[in-house]
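Descriptive analysis of the structure
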Amino acid sequence: MKATLDGLVLFEQLELKEGSWRREAVQRTAAGLDGMVSVDLGCRSRRLVGRGVIRAFSDLTLEARLDTIRLLMDGATHTLTTSDGRRLSNLRIDAVSAGKQIDSGSGASCEFEISFTQLGE
């Protein structure tokens, strides 16, 4: 499955692990009253981890694609679109790690892992 991040970086998505949404609530009690008031704040965030392979025709192009992903670790939210039609928005990139580069006759590739936090639902 292929995927793009903000329509900029094309990579082969091997695996995307989606965590469960975390629900938040504020609970308050009052002196002399039984029970409590609970205010539901809804689904706040969830963790996602994407593992894949980036391929390029040269070492320089491969490094440029990895640098583009690293530059997206800016605290802003981004959108991940997969070739099967899934679109995950409001993703903050928390970490990017690249594996060992593999050179082949048709170019270069490397495995990578991206950790996301999806904000809101």
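Structure report, in brief. The structure presented is a predicted model; accordingly, all values stated were derived computationally and were not measured. (Residues numbered from 1 in each chain as written. Predicted model: local features only at pLDDT ≥ 70, side-chain atom pairs only at ≥ 80, totals over all residues. Heavy atoms only, no water.)

1. Quick word on the overall build of the chain
The criterion, for reference: Each helix is a run of H or I in the DSSP string that is no shorter than four residues. Each strand is a run of E no shorter than two, and both are numbered from the N terminus. Put simply, the radius of gyration uses C-alpha atoms, and a globule should come to 2.2 Å times the residue count raised to 0.38. Using a 1.4 Å probe on the protein chains alone, a residue whose accessible area is under 20% of its type maximum counts as buried, one over 50% counts as exposed, and one in between counts as partly exposed. Contact definition: two residues touch when any of their heavy atoms are within 4.5 Å. Calculation of accessible area relied on Shrake-Rupley with a 1.4 Å probe; when residues are assessed, cover is drawn exclusively from the protein chains displayed. Counted as positive: Lys and Arg. Counted as negative: Asp and Glu, with His and the chain ends omitted from the count. Charge coordinates come from a single atom per side chain, which is NZ of Lys, CZ of Arg, CG of Asp or CD of Glu.
If you tally the helices and strands in the chain, you get 1 helix and 7 strands. Each helix and strand of the chain, placed in order from N terminus to C terminus, yields the pattern β-β-β-β-α-β-β-β. Taken over the C-alpha trace, the chain has a radius of gyration of 19 Å; the compact-globule value for 121 residues is 14 Å, which it surpasses by more than 25%. Considering only C-alpha atoms, the chain reaches an extent of 75 × 25 × 20 Å along its principal axes. When each of the 121 residues of the chain is scored for burial, the buried share is 31%. Relative to all contacts within the chain whose residues are 6 or more apart in sequence, the contacts with residues 24 or more apart total 58%. Per element, the accessible surface of the chain, about 7500 Å² overall, is 51% carbon and sulfur. Taking the average place of the 16 positive charges on the side chains of the chain and the average place of its 17 negative ones, the gap between the two points comes to 2 Å.

2. What to know about the nonpolar core
The condition is simple: To define a nonpolar core, start from buried Ala, Val, Leu, Ile, Met, Phe, Trp, Tyr and Cys residues and group those joined through side-chain atoms within 4.5 Å.
Among the nonpolar cores identified, the biggest contains 22 residues, and Leu-5, Phe-11, Ile-54, Leu-80, Ile-93, Ile-114 and Phe-116 are the most heavily contacted of them. Contributions of two or more residues to this core are made by strand 1 (2-5), strand 2 (9-18), strand 4 (37-56), helix 1 (59-71), strand 6 (87-104) and strand 7 (107-119). In contact with Ile-93, other than residues within four places in its own chain, are Leu-5, Ile-69, Leu-72, Met-73, His-78, Ile-114, Ser-115 and Phe-116.

3. Observations concerning the environment of Ser-104
Turning to its location among the elements, Ser-104 is positioned in strand 6. Separated by 95 residues in sequence, Ser-104 and Val-9 place their C-alpha atoms 21 Å apart.

4. So, the layout of surface pockets
Here is the rule: Cavities and pockets were defined on a 1 Å grid built from protein atoms only: a cavity is a group of points that admits a 1.4 Å probe but offers it no way out, a pocket is an open group of points flanked by protein on both sides within 12 Å along at least five of seven lines, and a lining residue is one with an atom within 4 Å of any such point. Grid points are joined across faces, edges and corners, and a volume is the space filled by probe spheres set on the points. Put simply, Ala, Val, Leu, Ile, Met, Phe, Trp, Tyr, Cys and Pro go in the nonpolar bin, Asp, Glu, Lys and Arg in the charged bin, and everything else, Gly too, in the polar bin.
Here the largest pocket defines a volume of roughly 220 Å³. As for the largest pocket, its lining consists of 14 residues, and the residues nearest its centre are Glu-12, Arg-55, Ala-56, Phe-57 and Arg-65. Listed by contribution, the elements that provide at least two residues to the lining of the largest pocket are strand 2, strand 4 and strand 7. A class-by-class count of the residues in the lining of the largest pocket yields 6 nonpolar, 4 polar and 4 charged.

5. A look at the pairing of strand 4
Note the threshold: Strand pairing follows a simple DSSP-based rule, namely that at least 2 bridges must link the two strands.
Where strand 3 (residues 22-28) and strand 4 come together, 7 bridges link them in antiparallel fashion. What sits directly across from Arg-22, in strand 4, is Ser-45.

6. Looking at the packing of aromatic side chains
Here is the rule: Geometry of aromatic contacts follows a simple scheme: Phe, Tyr and Trp rings, the Trp one being its six-membered ring, pair when their centres are within 6.5 Å, and the pair is stacked under 30 degrees between planes, edge-to-face over 60, tilted otherwise.
Tallied over the entire structure, the rule returns 1 aromatic pair. Centroid distance Phe-11 to Phe-112: 5.0 Å. Interplanar angle 85°. Geometry classified as edge-to-face. Taken as a pair, Phe-11 in strand 2 and Phe-112 in strand 7 lie far apart in primary sequence, 101 residues in all.

7. Focus on the environment of Gly-107
Along the chain, Gly-107 falls in strand 7. When the C-alpha positions of Gly-107 and Asp-59 are compared, they lie 7.5 Å apart, and in sequence the two are 48 residues distant. When neighbours within four sequence positions are excluded, Gly-107 is seen to be in contact with Ala-56, Phe-57 and Ile-102.

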